[in-house]
Amino acid sequence: MTTPDDAAVRSGAGSPLVEMIDVQKWYGELHVLADINLTVDQGEVVVVIGPSGSGKSTLCRTINRLETIDAGEIRVDGAPLPAEGKALARHRADVGMVFQSFNLFAHKTILENVTLGPVKVRRHSKADAEARAHELLDRVGVGEQATKYPAQLSGGQQQRVAIARALAMEPKVMLFDEPTSALDPEMISEVLEVMVDLAGRGMTMIVVTHEMGFARTAANRVAFMADGRIVETASPEEFFTNPQSDRAKDFLGKIL
Ligand code: ADP
Ligand code: MG
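Note that this is a predicted model, so its numbers are computed, not measured.

Alignment of strand E1 (residues 16-27) against strand E2 (residues 30-41), held across eight bridges, turns out to be antiparallel. Bridge assignment links Val18 to a residue of E2, and that residue is Val40. Where E1 hands over to E2, the hairpin turn is made up of two residues, of which Gly28 adopts a positive phi near 60°.

Spatial ordering of the open sheet is given by E6-E7-E8-E3-E9-E10, a layout of six strands whose pairing is mixed. Taken across any chain shown, the strands that pair with only one partner, and hence form the sheet edges, are strand E6 (95-98) and strand E10 (229-234). Here the average twist between neighbouring strands, direction ignored, is 20°. Where strand E3 (residues 45-49) lies against strand E9 (residues 221-226), four bridges are found, and the strand directions are parallel. Bridge pairing in E9 places Val46 opposite Arg221. Strands E6 and strand E7 (173-177) of the sheet are contacted by helix H3 (residues 85-94), whose axis makes an angle of about 60° with E6. With respect to the sheet, helix H6 (residues 155-168) is in contact with E6 and E7, its orientation differing from that of E6 by roughly 170°.

Further remarks concern the site of ligand 1. The local shell around ligand 1 consists of Tyr27, Leu30, Val32, Pro51, Ser52, Gly53, Ser54, Gly55, Lys56, Ser57 and Thr58. One of the side-chain N or O atoms of Lys56 is found 2.8 Å from an oxygen atom in ligand 1. Ser57 places a polar side-chain atom, nitrogen or oxygen, 2.9 Å from an oxygen atom of ligand 1. Relative to its free-state accessible area of 560 Å², ligand 1 is covered by the protein chains to the extent of 58%. Of the residues forming the shell around ligand 1, the biggest block, three residues, is contributed by helix H2 (residues 56-63). Residues of the shell around ligand 1, tallied by class, amount to four nonpolar, six polar and one charged.

Reading the values: rules and limits
- Here the residue index of a chain counts from 1 through its sequence in written order.
- Following the order in which they are written, the chains are lettered starting with A and the ligands numbered starting with 1.
- Note on the predicted model: pLDDT of at least 70 is required for a residue's local features to be given, and 80 or more for side-chain atom pairs to be given and counted; whole-chain, interface and lining totals, by contrast, use all residues.
- With hydrogens and water stripped out, all remaining heavy atoms of the structure feed into the side-chain values.
- DSSP calls a pair of strands paired once it identifies at least 2 bridges connecting them.
- For the purposes of this entry, the term helix denotes a DSSP run of H or I that reaches at least four residues, the term strand denotes a run of E that reaches at least two, and both are numbered from the N terminus.
- For helices, the axis comes from a line fit to the C-alpha atoms of the stretch in contact; other axes are also lines fit to C-alpha atoms, and the angle between any two N-to-C directions lies between 0 and 180 degrees.
- By definition in these notes, contact holds between two residues if any of their heavy atoms fall within 4.5 Å.
- The cutoff for a nearby residue is simple: one of its non-hydrogen atoms must lie within 4 Å of the molecule or strand.
- Two N or O atoms form a polar contact when they lie within 3.5 Å of each other; inside protein one atom must be a possible hydrogen donor and the other a possible acceptor, and for residues adjacent in sequence the pair counts only when both atoms belong to side chains.
- Only the protein chains shown count as covering a residue, and every accessible area follows the Shrake-Rupley method with a 1.4 Å probe.
- For this classification, the nonpolar set comprises Ala, Val, Leu, Ile, Met, Phe, Trp, Tyr, Cys and Pro, the charged set comprises Asp, Glu, Lys and Arg, and every other residue, Gly included, is treated as polar.

See the structure below:
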């Protein structure tokens, strides 16, 4: 059986998987995404950081087409984003997304949460979907919780289920938007460990986070955003020791 991670490791590391080309987006007068150019290669982990309101969530949401753009182009695995219909549903399945709020289906069991997408969108058999779900739930450390409901799990466990649910769709890329921001401190590391493991397996990841430890350990590149722009991109090493822009220096001064 091919797992998404195997696929990510095998298929030509270094080829662009997500391309944002001169992307512009406005909310009325607010230029929320300005001249965004970002290429994320196969297997690469890019951490997006920046002050609140700088456009990080909006950037993520455009890649999944939860938000439209006004100009420019976004490609995933070489193909422009489909506008609607079945092609868009397939595209969304290729782009896994994990939010700050776990967004699990409250009235479905943990197992059902993870099998629903693969059965409905990917047309897997229930048996195959359940076998894969059990594997993924074990991998993220919540294998024992399969028959429970989300409310019976801790926040950290729910977020790990949300990651398993996204992985069950065999995405080409995973987007994380502040996945640990809503968690109690003692649960943050258990979620970050799952993400570090995923990065180690070759998954292409775009991660919005304030967890600088994660950025230092797992990121290939850091993209710093301010006022809708990517102000600088650098290796974590470079970025944290020698930020170039005043905005980045100021931001790091406040959080480190
Ligand atoms: P971040 O994730 O970096 O905190 P966001 O992408 O959530 O930033 O928001 C960027 C800016 O866009 C903020 O000023 C926010 O208030 C504004 N914004 C976000 N969503 C909308 C919306 N649906 N309509 C109008 N303005 C929005
Ligand atoms: Mg945000």
